[in-house]
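Summary of structural features
These are the residues of each chain, in order.
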Amino acid sequence: MAGKAPTSSQDFRHALLQHLTYTMGKDPEHAQFFDWRMALSHAVRDRIVDHWVASTRKTYEQDGKRVYYLSMEFLIGRLLEDGIVNLGLAEEAKEALDSFGQDYRTILMDEPDAALGNGGLGRLAACFLDSLSTIGCPAYGYGIRYENGLFKQSFVDGRQVEAAETWLQEPHPWEFERPEVRFTLGFGGDVISENGKTIWKPSELIQAEAFDTPIVGWQGRWANTLRLWAGRAVDPFDLGLFNSGDFAAASEHEALARSISRVLYPEDSNEAGKELRLKQEYFFSAASIRDILRRFDSKHDDIRLLPTKVAIQSNDTHPAIAGPELLRILHDERGLSFEEAFDITHHCMNYTNHTLLPEALERWDERLFGRLLPRHLQIIDRIDDAHYKAHPHRTLSARSDGQVKMGELSFMVSNRVNGVSALHTDLMKKTVFKELNALHPERIVNETNGVTPRRWLHSCNPKLSSLITETIGDEWVADLEQLKKLEPAIEEAGWLERFTQVKTDNKAALCDYVSKAHGINLNPEAMFDIQIKRMHEYKRQHLNILETIAHWLEIKDNPSADWVPRVKLFAGKAAQGYYFAKDIIRLINDFAKVANADVDTRDVLQVVFLPNYNVTLAERLIPAADLSEQISTAGKEASGTGNMKFALNGALTIGTLDGANVEIREQVGADNFFLFGMLADEVMQRRMMHDHAQQAINADPRLARALDALRSGRFSPEDPGRYTHIADNLTWSDYFLVCSDFTDYWRAQREVDQVYTEPQKWAKMAALNVARSGWFSSDRTIRGYMCDIWEAKSLIP
Ligand SMILES: *Cc1c(COP(=O)(O)O)cnc(C)c1O
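What you see is a predicted model, and the numbers here were worked out from it, not measured in a lab.

Thresholds, definitions, all that
- Note on numbering: residues in each chain are counted from 1, in written sequence order.
- A pLDDT threshold of at least 70 governs which residues receive local features in this predicted model, and a stricter bar of 80 or more applies before side-chain atom pairs are shown or counted, although totals over entire chains, interfaces and linings include all residues.
- Computation of side-chain values: all heavy atoms of the structure, hydrogens and water removed.
- Under the DSSP-based scheme used, a helix requires at least four consecutive residues in state H or I and a strand at least two consecutive residues in state E, with every element numbered from the N terminus.
- In this setup the radius of gyration rests on C-alpha atoms only. A globule is expected at 2.2 Å times the number of residues raised to 0.38.
- Note on definitions: a residue-residue contact is assigned when non-hydrogen atoms from the two residues lie within 4.5 Å.
- Here the accessible surface of atoms and residues is derived via Shrake-Rupley with a 1.4 Å probe, and residues count as covered only by protein chains that are part of the display.
- Charge assignment in this entry is limited to Lys and Arg as positive and Asp and Glu as negative, and neither His nor the chain termini are counted.
- Where a charge lies is defined by one atom per residue type: Lys uses NZ, Arg uses CZ, Asp uses CG and Glu uses CD.
- For the purposes of this section, nonpolar cores are sets of buried Ala, Val, Leu, Ile, Met, Phe, Trp, Tyr and Cys residues that join through side-chain atoms within 4.5 Å.
- In this scheme, a residue with accessible area under 20% of its type's maximum is buried, one over 50% is exposed, and one in between is partly exposed, where area comes from a 1.4 Å probe on protein chains only.
- Arc definition: it is the arc formed by the directions from the helix axis to the C-beta atoms.
- By convention in this text, a residue qualifies as near a molecule or strand provided that one of its non-hydrogen atoms is within 4 Å of it.
- Under this definition, polar contacts are N or O atom pairs within 3.5 Å; protein pairs additionally need one hydrogen-donor-capable and one acceptor-capable atom, and for neighbouring residues in sequence, both atoms have to be side-chain atoms.
- In this classification, the charged set is Asp, Glu, Lys and Arg, the nonpolar set is Ala, Val, Leu, Ile, Met, Phe, Trp, Tyr, Cys and Pro, and all remaining amino acids, among them Gly, are polar.
- An automatic or database domain assignment supplies the residue ranges for each domain.
- A pair of strands counts as paired when DSSP detects no fewer than two bridges linking them.
- Axis definition: a line fitted to C-alpha atoms, over the contacting stretch in the case of helices. Angles run 0 to 180 degrees between N-to-C directions.
- By salt bridge we mean one thing: a side-chain nitrogen of Lys or Arg within 4 Å of a carboxyl oxygen of Asp or Glu.
- Ring pairs are drawn from Phe, Tyr and Trp, using the six-membered ring of Trp, whenever the two centres fall within 6.5 Å, and their geometry is named by plane angle: stacked under 30 degrees, edge-to-face over 60, tilted for the rest.
- Each ring is checked for a lysine NZ or an arginine CZ that lies within 6 Å of its centre and within 35 degrees of its normal; such an atom marks a charge sitting over the ring.
- We place a 1 Å grid over just the protein atoms. Points where a 1.4 Å probe fits but has no way out form a cavity, open points with protein on both sides within 12 Å along at least 5 of 7 lines form a pocket, and any residue with an atom within 4 Å of a point lines it.
- Grid points are joined across faces, edges and corners, and a volume is the space filled by probe spheres set on the points.
- UniProt positions are given in the numbering used here, feature names are shortened, and annotations may be inferred rather than shown by experiment.
- Rotating anticlockwise by less than a right angle from the far helix to the near helix defines a left-handed crossing, while the corresponding clockwise rotation defines a right-handed one.

Helix and strand counts for the protein chain come out as 34 helices and 24 strands. Rg of the C-alpha trace for the protein chain: 27 Å, near the compact-globule value of 28 Å for 797 residues, within the 12% margin. For the C-alpha atoms alone, the extent of the protein chain along its principal axes is close to 90 × 70 × 65 Å. Here the contacts in the protein chain between residues at least 6 apart in sequence split such that 77% fall between residues at least 24 apart. Surface accessibility of the protein chain: about 30,100 Å² in total, with carbon and sulfur atoms responsible for 50%. In the protein chain, 91 positive and 115 negative side-chain charges are present, and the distance between their average locations comes to 2 Å.

This is the structure we're talking about:
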């Protein structure tokens, strides 16, 4: 491959110096971390671009089917190390930086996280991009270039405080602005008839401008594009107004247009900013559809071929409006009959469902919807009509009760609809899409989530990666099922010792980080028990802390007994308006303050809530985990991907039979998984008992005592009533069945303690988790989508 790709550390040194001087305009004598990071990023980027151009060229030559992954969120994290590792440049980069007296790690750590997502859904999209490039499937990710990503979290007196995230304040070296790729989009206005044609005349126009980030796969064999849209004014500056002295009004158009790509919405913002949210959804979906059609038109004359060249995946319902938009363009603008336009659209569109929580299924007030997208509302009615025509006795519709139902709409428009774990897909068929599934039994398929082994093992856990490579060679990085070959080694005491040493080293490294970053000294000898994820009642961080409180009270009863030392680590953000979740954070912090100061217990129990959970923090914590907390109410977690990252890094799971936990347990073996709790159908049964919580509390004095401790104000003496409402909620309502699962969770935790006292046994179980987690590679997931949903092919020979 041609280009200015540096190949040796000498070349790399030269490239670094070139960029430092000519890109950054700095003399090495005076360069800061930032300058070195930029120079390094540009040197790596040059190399990526060579692969990117070659891949794009090949995609056009072959003119096969392209995959378009539409997602409101991409939780990418850092890109520099990712690029270096995928291109195998780590040694060259280290040596080159060394020669200038710069520390490689320090420079990597200087990069801010690209946090364009809330949690699992956005991180899944990022893992998929990595796998699509590794596999060589020609694909584009489409999303929004939020100026402010997910908020930064800090604690003040234990309470979550949010601050704006500003990842674009420094230049972002990975994106290429494409001022020539702009589409004008409309909102509002009227729908009129002219010469038998229907024309939408929007009253407000805005432009979407493209920013491209190359996504390079393993060993640089392929690179795809992540294209993010930014809002721009059609007419950015009114010179007349400016000259008349009204400077603010002169730029108002631009400010309004930019606000569309300003903020990432928090996942629980059911109330706030609805109109802007719907605008964001249409904005990026419509821009992406236009871009897809432009690319198709550049090579083809016959629009009926579209489904053979284009597969669109809607990540949840946020991009669902892409379906009606494509249909509208084909019918209104290109003159196809409605039936034909619908047929083509249907064969291009697919939808991934991520939630069965009724409050999380997206719905829009039809007045708001009709005001912003009047023509789309008519098209949705015609989709409903077509549905009635085909199924006259059915009552279901995408628009009813004054609402537009994005889940139903997505189902009706899509060729394939998928769930994200076996259990979730099964429940989808039985609950939310019961009626639609009966009409279209072939439409719903399962594609269990996965995570990229490049980031979530090879990069984040270099010591384990080296041990694995030494044992079975390096092909596992792109073929994770090969981890199975570790099983014979696990029988050797010597190997198992090395495996344990890796965990010990990773824990020491985490202790070092926590000490430096937060001034807290963790006990490296203790079991590291970790729950990190978004704060949500269904994920039940409060079950965890309640059990921890109960356990602490028992230790206090008998401090000199032989307790198994634990460090309980938490991290996670709560949506700004989700007060209950924020109070759980505060409770954990308040309890931690009391427990960590208690001389009776602090040697055997430490509790720490680390602030500002993000991809980078996950990469630090997961390799150091002994125990992974996956304790959601059964039936509520669609899949989870955090659970997979932990198992892959040799943590044992304590978990319910929920989401992908079911499959993790199947894969690693029931003996190597700490199961507890009710099953999904037991949950539904139990909820019908009006006094389920009180019965559980009456039956378990430990639970009663922990709840009493909350009510007594023991953890908030300055404000004794602070946690009464949590105790009351659990006693009187407890929708997520914390009390009903408490006793079995307690039992499982004691089993965990027991096994931890047998280091050999624990190590073997943990190593088997690694060896048997190969199935949770997102490469496997993407191959599933390519085969079952997209009918797309790899272009890597
Ligand atoms: C993997 C990941 C998630 C998803 O975690 P779950 O436990 O599956 O909810 C969320 N946030 C970040 C930063 C992640 O890396």
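What follows is about the nonpolar core. Membership of the largest hydrophobic core comes to 249 residues, with the highest contact counts inside it found for Leu40, Trp229, Phe369, Leu569 and Trp790. In this structure, Ala634, Met678, Val683 and Leu737 belong to the second largest nonpolar core, which totals five residues.

So, about helix H31 (residues 724–732). Within the sequence span of H31, burial applies to Ile726, Ala727, Leu730 and Thr731. Seen from one end, H31 has its buried residues packed into an arc of 130 degrees, which puts them on one side. Just past H31, the residue aspartate 734 takes up positive phi, approximately 50 degrees.

In this section: the site of the ligand. The immediate surroundings of the ligand are formed by 16 residues, with Lys533, Lys539, Thr641, Gly642 and Lys645 found nearest. Residue lysine 539 places a side-chain N or O atom 2.8 Å away from an oxygen atom belonging to the ligand. The contact in question runs from an oxygen atom of the ligand to an N or O atom on the backbone of threonine 641, over 2.8 Å. Among the elements of the structure, helix H6 (120–135), helix H25 (615–621) and helix H26 (642–648) are those that each provide at least two residues to the shell around the ligand. Residues that form the shell around the ligand fall into these classes: six nonpolar, six polar and four charged. Shared between two domains, the shell around the ligand holds at least three residues of each, these being domain 2 (63–77 + 113–446) and domain 3 (453–681 + 743–781).

Ordered by their spatial adjacency, nine strands build an open sheet running S7-S10-S11-S4-S1-S12-S13-S17-S18, and the pairing between neighbours is mixed. Pairing within the sheet leaves two strands with one partner each, and these edge strands are strand S7 (176–187) and strand S18 (444–446). Geometrically, the sheet is characterised by an average inter-axis angle of 25 degrees between neighbouring strands, direction not taken into account.

Below, the discussion takes up the pattern of salt bridges. Applying the stated rule across the entire model yields 62 salt bridges. Arginine 328 is the salt-bridge partner of glutamate 325, the closest N and O atoms lying 3.1 Å from each other. Here glutamate 325 pairs with arginine 328, and both are found in helix H12 (residues 322–333), just three residues apart, close to one helical turn. Across this residue pair, the class does not change: glutamate 325 and arginine 328 are buried. We note a salt bridge from arginine 455 to glutamate 619, for which the minimum N-O separation is 2.8 Å.

Time to look at the packing of aromatic side chains. All chains considered together, the criterion is met by 26 aromatic pairs. With 6.2 Å between their ring centres and 85 degrees between their planes, tyrosine 351 and phenylalanine 433 make a pair best called edge-to-face. With tyrosine 351 in strand S13 (residues 349–352) and phenylalanine 433 in the loop between helix H17 (422–430) and helix H18 (434–439), this pair connects stretches of sequence that are 82 residues apart. A centroid spacing of 4.9 Å and a plane angle of 85 degrees characterise the contact between tyrosine 756 and tryptophan 762, whose relative ring orientation is edge-to-face. Note on accessibility: tyrosine 756 and tryptophan 762 belong to one class, buried. The structure contains a cluster of three or more aromatic residues connected by ring pairs, namely Tyr68, Tyr140, Tyr142, Phe183 and Trp229. The ring of tyrosine 60 has arginine 66 lying over it, and the distance from NZ or CZ to the ring centre is 4.6 Å. Of note, arginine 687 hangs over the ring of tyrosine 735, and the distance from its end group to the ring centre comes to 3.8 Å.

Burial of strand S21 (residues 605–610) is extensive: six of the six residues sit out of reach of the surface. Because side chains alternate across S21, one face comprises the buried residues Leu605, Val607 and Phe609, and the other comprises Gln606, Val608 and Leu610, equally buried. Looking at chain direction, strand S20 (residues 566–571) and S21 are connected through six bridges and run parallel. Within S21, the position partnered with phenylalanine 570 by the bridge is phenylalanine 609.

Another point: empty space enclosed by the protein. Tallied over the full model, the rule gives nine cavities of 30 Å³ or more. In this structure, the largest cavity occupies an estimated 180 Å³ of space. Secondary-structure elements contributing two or more residues to the lining of the largest cavity are helix H3 (80–86), H6 and strand S10 (204–216). In terms of residue class, the lining of the largest cavity is made up of nine nonpolar, four polar and four charged.

In this section: the UniProt feature "modified residue: N6-(pyridoxal phosphate)lysine" (unreviewed entry) in the protein chain. Residues annotated in UniProt with the feature "modified residue: N6-(pyridoxal phosphate)lysine" (unreviewed entry) correspond here to Lys645. Relative to the elements of secondary structure, lysine 645 occurs in helix H26. Look at lysine 645 and you get buried, because its relative accessible area is 6%. If we ignore the near neighbours within four places in the chain, the residues touching lysine 645 are Arg123, Val451, Trp456 and Ile622.

As a further point, take the side chain of threonine 317. By the element assignment, threonine 317 lies in the loop between strand S12 (310–315) and H12. Among the polar contacts listed, one links the side chain of threonine 317 to the side chain of glutamate 362, at a separation of 2.6 Å. Residues in contact with threonine 317, not counting those within four places in the same chain, are Tyr351, Glu362, Met406, Gly407 and Ser410.

It is worth spelling out the pairing of strand S9 (residues 197–201) at this point. Taken together, the five bridges between strand S8 (residues 190–194) and S9 define a ladder with antiparallel strand orientation. Counterpart to aspartate 190 in the pairing with S9 is lysine 201. Counting the residues that bridge the hairpin from S8 to S9 gives two residues, and of these asparagine 195 lies at a positive phi of roughly 50 degrees.

Next up on the list: the packing of helix H24 (residues 579–596) against H31. Following both chains from N to C, one finds H24 and H31 inclined at 115 degrees, their axes separated by 10 Å at the closest point. The interaxial crossing formed by H24 with H31 has left-handed handedness. Contact with H24, carried on its side by Phe580, Asp583, Ile584 and Leu587, involves His725, Ile726 and Asn729 of H31 and no other residues of that element. Of the residues assigned to the contact of H24 with H31, the class counts are four nonpolar, two polar and one charged.

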